[in-house]
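Chain by chain, the residues:
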Number of protein chains: 2
Amino acid sequence: MLVEQEIPVAASTLTEVARLAGVSPATASRVLNGSARKPGPGVSERVRQAAATLGYIPNAQAQALAKSSSGLVGLIVHDIADPYFSAIARGVQEVAREQHKMVLLATTGGTPADEKEAVAAFAARRADAIVIAGSRSSRPEDANGNAELAAELDRYCRNGGHVGVVGQPVVGAGALEGYHLVEVPNEQLAAALAGKLAASHSGDFVIIGGPEGLITSDDRIRGFQSGLAAAGRPAAEVLRASFNRAGGYEAGLQLAQRIRNARTGEAARGGAKPNLCIFAANDVMAIGAAAALRSQGFKVPRDALIAGFDDIETLRDFRPGLSTVRLPLEEIGRLATLSTLGSGSGGEDGHHDGGPVVTGQVTLRRSTEWTP
Amino acid sequence: MLVEQEIPVAASTLTEVARLAGVSPATASRVLNGSARKPGPGVSERVRQAAATLGYIPNAQAQALAKSSSGLVGLIVHDIADPYFSAIARGVQEVAREQHKMVLLATTGGTPADEKEAVAAFAARRADAIVIAGSRSSRPEDANGNAELAAELDRYCRNGGHVGVVGQPVVGAGALEGYHLVEVPNEQLAAALAGKLAASHSGDFVIIGGPEGLITSDDRIRGFQSGLAAAGRPAAEVLRASFNRAGGYEAGLQLAQRIRNARTGEAARGGAKPNLCIFAANDVMAIGAAAALRSQGFKVPRDALIAGFDDIETLRDFRPGLSTVRLPLEEIGRLATLSTLGSGSGGEDGHHDGGPVVTGQVTLRRSTEWTP
DNA sequence: GACTTTCGGGAAAGCGCTTGCCATCCCCGG
DNA sequence: CCGGGGATGGCAAGCGCTTTCCCGAAAGTC
C-alpha cells in the first residue's frame, strides 16, 4: 500500500506530527527525542511513522530554548587557516561529532577583545562548552582585554558553561568549576630540544621568537634557554618577529646578513661547520626563516641549522626535514573538548583540574644535521 | 558616584532588564535589538543602562526562535585540517564575521550521507545559509547518497534557506531559488597548465588522479588531457589513488618503479632530460608523489617533473617550488558565502545564478623546470 | 476484594524573545 | 477649541519544544 509522500512546503512542527499521529505533542516529543519516559510501542510506531511522512526535523533552537542546552561547542582560534589551529580544530570537531554536537567557529587573530566577544556570542547561543586554542598574551596592553575575557569566561562558567583552554590558563581567570586546562609542556619540550641540539652543535644559538608577551612563544624561548643552560651553553640571543611565516622570513633575512658578515670576516674556508643554529618558536616561522636564508643564497643545514616547533603535518615534506618538536595537535583538540564534555564527571572536583597530560616528542631531522 | 556592579549568578533576561529599567519587555527588546521602532531617548538610555548593569546577554536561541533567523552559517567541508578546506573556511569565516553571523562547522570526509546529515542538522538549527565546499562525487555507489543530499538541500532551500556550493553543482539538485554556485574552472585551468607544460616538456605525461567519480579530480584530469590534446600530445595515462598525500605517495612509488625500469632499459646516460612529467590532481598529492620519488632516490625535477593544483599556501615553501595552478581559495570561500548572504538581492532572479567568476592562475616553478 | 503503586498519556506552563495590535498622548490644522 | 494623525509604550500572542503535574487505568499487595 503506497502512501503518498507528503512534501510539506514549510518545515513541519512537532505539533503537526503529533496531530497526524493522533497523539499529544508531549507524547510525540517523548518518542522522537530521547526522554526518560518511553511511550508504548504502538504509539511510538505511529509517531515515528508520522514524523517520517512529514519529514519532520526538530527545531534545534526551540529545543535548546526549552531545555537550555544547545548541543553547541564553541571553538576559538586565531586563524582557522593556520595549520596549527586547523589540526586542533579537527580534533575538536571529531569529538563534537562523536558526542552529537556541532562546533561553532570563531577566529580572533588572538586579540583578547575579540576573544571576549566570541565568548559572549557563544554564551548567547548557550554553547555547552567553549574551547579556546591559541596563545594567551601577557602583554601589558592586553591586560585589560585579558581581564575582560577572563570576566566573560567566569560568567560563562558560573552559568554552567564549561571551558577548555589549550596551552596555558587565561590570564586572570579564576579557578572555577567548569574550567579545564590542557597543558602543553612547551617549556620542557623546548628545553629537551635545546639539549639535543646542544649535543651535536657546538656553535652559537639564536632564537626567533614571536612578539614578547605571547605566552606560548615565551614559554618555548624560556625552555630553550634553560635547556641551553643545562648543557652549559650561554643564553641565546632572541629575535622578535610576528608569530607566523612572515615574521620568520623577516628574522631570517637579518640572520642571513649576519652570517654573511661573519663569513667575510673569517675568510671563507670551505666545509666549515655551520656556526649558527636557529630555533624558531614554531614551524611556520622556521620555514619562513629557512626561505629567507635560501633567498640569500644560504643553504640549510650547510650554512645554518634550523629547528622549529609543532611538527605541522603539511610541513613534514619540507626539505631538509625540519627538526622540531612533535605536538599531538589533533589529540590536544580532542582532549580539550573531552575535558569539557565527556567527563562531566571525570573531574568531579572539576575546577582547574590538572587536566589530561599531553606530551610531545623531540624530532630531529636533517635541518639540524650537519654532514661534512 | 560609583554604582555597585551587580554580578548576577545566572544570565539575566530581557524581562529582568525591562523591570530594572521600569519598562515593558517589548520596549526593552526594541531598544536593545535593532527594531524598526525607535523608543524615545530617555527610555532608551534607561534600558541600556539597566542592560549594562545586569550584564545582559540576549539569548540567541530565543531570538532565533522568535524571528526564525538564526545568524548562523553552516559550512560543510571534507576535512578542516586539509589546507585546501581551511583556506576556504577562512574566507567563509571572514564574511560571516563581517555580517555578524557565526559559522557552524561540519566535516564529512566527503560522504554524501554525512553531508546530508550535516545539512539536516544545519536546517534544524535554522542556519541562514549553508556553504558546501569539497568535491561532489559522481560515483554510482554515491548516487543514492547524492540524491538524498540533493533532496535535503532542496527542502532546505524551499524553506527559505540559501546554499552556496563551491566547485560544481550538487548532483541532482534542482535549479532552486536560493541555490548558488561558485564555479571553479578546474577544467580550463588544468588545460592551460597542460599547455604550458607541453611547451617545455617533450616526454611523456602521466596523471595522478583521485578516485574515479570525484568530480573535481575528474574535471582536472579531463582538462589536462584536453590541454595535452590541444598541444598535439597523446593522452596521458591516469593513475588513481586517494585524493590526499597518502594517495600521491602510493602512486609516486609506482611511478618510481616505472622510472627505474625505464632507466635500466635505456642504459643510464647521464644528463638525460627527465622523460616523465607527472600531474597530480592536487598539491597535496603532488607533494606525496614527490616524497615517494625522493624516497626511491629520485630527484625532482632531475628525474621527473611534477605539477600539482591549488597552490596551497603552506606548500609554497616546498623545494623545488611546485608548479601548480593558483586558486584563490580564501576568495572562493568569501564568494560562496557572500552569494548566500550579501546579495540577498544580488541575484534577484537568483536561482542557480551564473555566480561570481573565479579565476586561477597557472604558476610554473622549479618542479617542472629541467635545467641541464 | 479494597487499597496502594505503577504506568502511559494529556493538559498546560513555560524557555526568552519578537511583534502585531491597541491605548495613549501630543501636536497640529481647521 | 476640537478632532485627526503620528509617535510611543504596553499587552499579549506566539515561535516550537520540553517537562511538570495530573488523571485514569492497569497492576500489584495483604
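Presented here is an overview of the structure given in this document. Remember, predicted model here, so these are calculated numbers, not experimental data.

### A word on the protein's contact with DNA strand C
Phase 1 of the analysis: Among the 26 residues in the neighbourhood of DNA strand C, the closest are listed as A:T27, A:R37, B:L14, B:S29 and B:Y56.
Phase 2 of the analysis: If you look at DNA strand C and keep only atoms within 4 Å of the protein, 56% of those are sugar or phosphate atoms.
Phase 3 of the analysis: Within the side chain of A:R30, a nitrogen or oxygen atom sits 2.8 Å from a base nitrogen of DNA strand C.
Phase 4 of the analysis: The separation between a phosphate oxygen of DNA strand C and a polar main-chain atom of B:N59 is 3.3 Å.
Phase 5 of the analysis: Elements represented by at least two residues in the surface near DNA strand C include exactly helix 2 (25-32) and helix 4 (60-67) of chain A together with helix 1 (14-21), helix 2 (25-32) and helix 4 (60-67) of chain B.
Phase 6 of the analysis: In terms of residues, the surface near DNA strand C owes the most to one element, helix 4 of chain B, which gives four residues.

### Thoughts on the interface of chain B and chain A
Phase 1 of the analysis: Listed per partner, the contact involves 54 residues of chain B and 55 residues of chain A.
Phase 2 of the analysis: Approximately 4,800 Å² of surface area, both sides summed, lies buried where chain B meets chain A, with 54% of it carried by carbon and sulfur atoms.
Phase 3 of the analysis: Among the ionic pairs, A:D114 bridges to B:R97, the shortest N-O distance being 3.0 Å.
Phase 4 of the analysis: Summed over the shared surface of chain B and chain A, the number is 18 residue pairs in polar contact (both at pLDDT 80 or more).

### Quick word on the protein's contact with DNA strand D
Phase 1 of the analysis: The local shell around DNA strand D holds 26 residues, among which A:L14, A:S29, A:Y56, B:T27 and B:R37 are the closest.
Phase 2 of the analysis: By atom count, sugar and phosphate contribute 56% of the portion of DNA strand D lying within 4 Å of the protein.
Phase 3 of the analysis: With respect to DNA strand D, the backbone of A:N59 contributes an N or O atom lying 3.3 Å from a phosphate oxygen.
Phase 4 of the analysis: The side chain of B:R30 places a nitrogen or oxygen atom 2.8 Å from a base nitrogen of DNA strand D.
Phase 5 of the analysis: Within the residue set of the surface near DNA strand D, elements represented by two or more residues are helix 2 and helix 4 of chain A together with helix 2 and helix 4 of chain B.

### Notes on the pattern of salt bridges
Phase 1 of the analysis: One pass over the full model with this rule turns up 40 salt bridges over all chains.
Phase 2 of the analysis: Here A:R222 ties to A:D219 by a salt bridge, and the two come within 3.0 Å at their closest N and O atoms. Separated by three residues within a single helix, A:R222 and A:D219 lie in helix 9 (residues 215-230), roughly one turn from each other.
Phase 3 of the analysis: With a relative accessible area of 41%, A:R222 lands in the partly exposed category.
Phase 4 of the analysis: For A:D219, a relative accessible area of 15% gives the class buried.
Phase 5 of the analysis: Note that B:R258 and B:E237 form a salt bridge whose closest N and O atoms lie 2.5 Å from each other. On the criterion of sequence distance, the pair formed by B:R258 in helix 10 (residues 245-265) and B:E237 in strand 7 (residues 237-240) is long-range, its members being 21 residues apart.

### Focus: the pairing of strand 6 (residues 204-209) of chain A
Residues and elements named next belong to chain A.
Phase 1 of the analysis: Across the six residues of strand 6, five count as buried, placing the element largely inside the fold.
Phase 2 of the analysis: Inspection of the sheet shows strand 6 paired to strand 7 (residues 237-240) by four bridges, in the parallel sense. Looking at strand 7, one finds that I208 is bridged to L239.
Phase 3 of the analysis: A crossover connection joins strand 6 to the parallel strand 7 through helix 9; in handedness this β-α-β unit is right-handed.

### A closer look at helix 9 (residues 215-230) of chain B
All names here are of chain B.
Phase 1 of the analysis: With 16 residues, helix 9 extends 22 Å between its outermost C-alpha atoms, agreeing within 8% with the 22 Å of an ideal straight helix rising 1.5 Å per residue.
Phase 2 of the analysis: The buried count for helix 9 comes to 12 of 16 residues, which makes it a mostly enclosed element.
Phase 3 of the analysis: Residues of helix 9 that are buried include every one of I215, T216, S217, D218, D219, R220, I221, G223, F224, Q225, G227 and L228, and no others.
Phase 4 of the analysis: For helix 9, the secondary structure elements touched by its buried residues are helix 5 (83-98), helix 8 (186-200), strand 6 (204-209), strand 7 and strand 8 (276-280).
Phase 5 of the analysis: Following helix 9 by one or two positions, G232 adopts a phi angle in the positive range, close to 75°.

What counts and how
- Residues numbered from 1 in each chain as written.
- Chains lettered and ligands numbered in written order.
- Predicted model: local features only at pLDDT ≥ 70, side-chain atom pairs only at ≥ 80, totals over all residues.
- Heavy atoms only, no water.
- Near = heavy atom within 4 Å.
- Polar contact = N/O pair within 3.5 Å; in protein donor to acceptor, adjacent residues only side chain to side chain.
- Helix = DSSP H or I, 4+ residues; strand = E, 2+ residues; numbered from the N terminus.
- Contact = heavy atoms within 4.5 Å.
- Buried area = accessible area lost by both parts, 1.4 Å probe.
- Salt bridge = Lys/Arg side-chain N within 4 Å of Asp/Glu carboxyl O.
- Buried < 20%, exposed > 50% of the residue type's maximum accessible area, 1.4 Å probe, protein only.
- Pairing = 2+ DSSP bridges.
- Right-handed = clockwise from strand over helix to strand, strands pointing away.
- Expected span 1.5 Å × (residues − 1).

Distances and angles like these do not, on their own, reveal function.
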